[in-house]
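The residues making up each chain are set out below.
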Amino acid sequence: MQKHGGNVWLAAQTYGLKEESILDFSANINPLGPSPLALEAIQQSLLQIRHYPEPQADTLRKEIALLTGLPEEMLILGNGAAELIYALGRLLKPRRVLLPVPTFSEYADAFREIEQVHLPLVRHNNFILDIEAVGQQLKQDDLVILCNPNNPTGHLVAKEQVKILLDLAQTSGASLLLDEAFMDFVSPEQSLLPELPANSHLYILRSLTKFFAMPGLRLGYLAASPVVVEALTAVLPPWRVNLMAQVAGVASLRDKPYRANTFAQMNRLRPLLADGLSSIPGLRPFWPTANFILVDCRESGYTAEELQNFLGPKGILIRLCENYMGLDKYYFRVAVRSEEDNAILLLSLRELLPKT
Ligand SMILES: Cc1ncc(COP(=O)(O)O)c(C=O)c1O
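Residues numbered from 1 in each chain as written. Predicted model: local features only at pLDDT ≥ 70, side-chain atom pairs only at ≥ 80, totals over all residues. Heavy atoms only, no water.

Visitor: Please explain the sheet that holds strand β4 (residues 115-120) as it appears in this structure.
Guide: Hydrogen bonds between backbone groups are what pair the strands of a sheet, and the pairing can be parallel or antiparallel. Taken in spatial order, the seven strands make up an open sheet running β2-β8-β7-β6-β5-β3-β4, and their pairing is mixed. Two strands in the sheet have a free side with no partner beyond their single neighbour: β2 (75-78) and β4. Averaged over all pairs of adjacent strands, the angle between their axes in this sheet comes to 20°, without regard to strand direction. Inspection of the sheet shows strand β6 (residues 175-179) paired to strand β7 (residues 202-207) by four bridges, in the parallel sense. Paired with Leu178 across the strands is Ile204, a residue of β7. (Pairing = 2+ DSSP bridges. Helix = DSSP H or I, 4+ residues; strand = E, 2+ residues; numbered from the N terminus. Axes fitted to C-alpha atoms, helices over the stretch in contact; angles between N-to-C directions.)

Visitor: I would appreciate a short explanation of empty space enclosed by the protein in the present structure.
Guide: Rolled over the atoms, a probe as big as a water molecule pinpoints where empty space is left. Tallied over the full model, the rule gives two cavities of 30 Å³ or more. The space that makes up the largest cavity amounts to roughly 80 Å³. Lining the largest cavity are 13 residues, with Pro100, Leu121, Leu146, Cys147 and Asn150 sitting closest to its centre. When residues of the lining of the largest cavity are assigned to their parent elements, the largest contribution, three residues, is made by strand β5 (residues 142-147). Counted by class, the lining of the largest cavity contains nine nonpolar, four polar and no charged residues. (1 Å grid on protein atoms, 1.4 Å probe; cavity = no way out; pocket = protein on both sides within 12 Å on 5 of 7 lines; lining within 4 Å. Points joined across faces, edges and corners; volume = space filled by probe spheres on them. Nonpolar A, V, L, I, M, F, W, Y, C, P; charged D, E, K, R; others polar.)

Visitor: Please clarify how the site of the ligand should be interpreted in this entry.
Guide: The ligand sits among 15 residues. The nearest are Asn151, Asp179, Ser207, Lys210 and Arg218. The backbone of Ala82 places a nitrogen or oxygen atom 2.9 Å from an oxygen atom of the ligand. Considering the ligand on its own, with 400 Å² of exposed area, one finds that the protein chains cover 91% of that surface. With respect to the pocket detection grid, the ligand is positioned in the largest pocket. When residues of the shell around the ligand are assigned to their parent elements, the largest contribution, three residues, is made by helix α4 (residues 81-91). Across the shell around the ligand, the residue classes break down as eight nonpolar, four polar and three charged. (Near = heavy atom within 4 Å. Polar contact = N/O pair within 3.5 Å; in protein donor to acceptor, adjacent residues only side chain to side chain. Areas by Shrake-Rupley, 256 points an atom, 1.4 Å probe, with all protein chains shown as cover. Sits in = over half its atoms within 2 Å of the grid points.)

Visitor: I keep staring at the sheet that holds strand β10 (residues 292-296) and nothing clicks. Help me out?
Guide: Reading across from one edge, β9-β10-β13-β12 is the order of the four strands in this open sheet, with antiparallel pairing throughout. Here the strands that pair on one side only, and so sit at the sheet edges, are β9 (284-285) and β12 (319-320). Alignment of β12 against strand β13 (residues 331-335), held across two bridges, turns out to be antiparallel. Bridge pairing links Leu320 to Phe332 in β13. Each of β9, β10 and β13 touches helix α10 (residues 256-278); the most contacted strand, β10, lies at about 10° to it. (Contact = heavy atoms within 4.5 Å.)

Visitor: I'm lost on the pairing of β10 in this one. Help?
Guide: Look at any regular strand and the pattern is simple: side chains alternate between the two faces of the sheet. For β10, a buried count of five out of five residues is recorded, marking the element as mostly surrounded by other parts of the structure. Residues Phe292, Leu294 and Asp296 of β10 are buried on one face, and the alternating residues Ile293 and Val295, pointing to the opposite face, are buried as well. Where β9 meets β10, two bridges bridge the pair, whose relative direction is antiparallel. Across the sheet, residue Arg284 finds its bridge partner in β10, namely Asp296. Where β9 folds back onto β10 in an antiparallel hairpin, the turn is made up of six residues. Here β10 pairs with β13 via five bridges, running antiparallel. (Buried < 20%, exposed > 50% of the residue type's maximum accessible area, 1.4 Å probe, protein only.)

Laid out in C-alpha cells, this is it:
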C-alpha cells in the first residue's frame, strides 16, 4: 500500500492510463489548479533559472510577513512543509512527543528518535480532540503536535480551544507545534499566527502546496521565535526553495480573487460532496472543514481497497487510510474536486453501491 496519496505516476502505470486522464481524489489539492498569476510568474522566470534563487527567499518572506503581520525574523521557508517537519524533528529535543492519532504520518517518522505518546482520537467521538485530556498528560519539555484542521479526519479544533491547549502547554513548560497546512481552506480567523509573538514555545507550520495547488513545486513555511528560525536556518541548506517556487509563492499570495474564488467554490462543493457520499448506502463521511473528506465504508461490505480496485480502472484514485495509526482497512479519504469530477466519483460509487 502506498504511504501517501497523490502518486498519479504509479496509478497511471497500474491501470494502464495516461496520468492526465486520472481523477486524483487521493491528494488534497485545490481543484481550481494553480493561480493564473503564479503560472504567469513561472513563465516569466524561465530565463532567470540561470541564476541562483535568493538563498533564504527574502522577497517571498517579506510577502508572508506582510500578509501575516509577523516580523521576517519569525519566518523560514522550506522546500514544502515536509522539509521543515523533518528539520524540526532533528532540531527540537523534547522529552516526549504527544501526538493525537490518526494524523499526518510524517510526524511519527520525523520524530522517531524521540519517545512518542500517541493519543487516540476515537471514531465514536467523531475523532474530536479532547483538549482537557491532552492537558492532563502534559509534562515539562513535552512537545504536543496538532494538525489543525487534522488530516485525514478533517476535524477542526476551534481557535479558543487551541488557545486553552497553548496555555496548558505554557503552564507545564511544554511546547506546541501547530500544523496549519490546510488552514487557508478554513478561515484566517481560526489561525493562531497572531498569537506567535507572545508565545516563544509555539511553532506554526503552513504549506502553500495545497491551497495554491502546487505540490510539484514544493513550498511551505514555519513561523516561530527568531531563535528557532535562526537555528533552523543554520542547519538547512541555502537555495532550498527554487526560483520558480519563490516567484509562484509571491504571485499566489497576491492573488486575492483566486483566494475568494477558492473559498466560494469550496463552501459550495464541500457540503455537496459530503451529502452525496452520505446518501450512498454503506458510506459514512465525517464532517469536513477543509478540502477533503474521510469516509468509513465498513457497512458497505467492501474494504477501501476493494472500492479502489473498482474505481481505479475508471481512472479514479482515492486515498486508502489503513496505514494511518488508529484507522483500518475500511477508511478512505477523498479530496473535494470540481463539481463534474465529484459527480463522476459519486456516480461510480453508486454503481457499486446501489440503493436496494
Ligand atoms: C497536515 C500536513 N502537513 C504538512 C504536509 C506537507 O505539505 P507540503 O506539500 O508543503 O510538504 C501535509 C501533506 O499532505 C499535510 O497533510
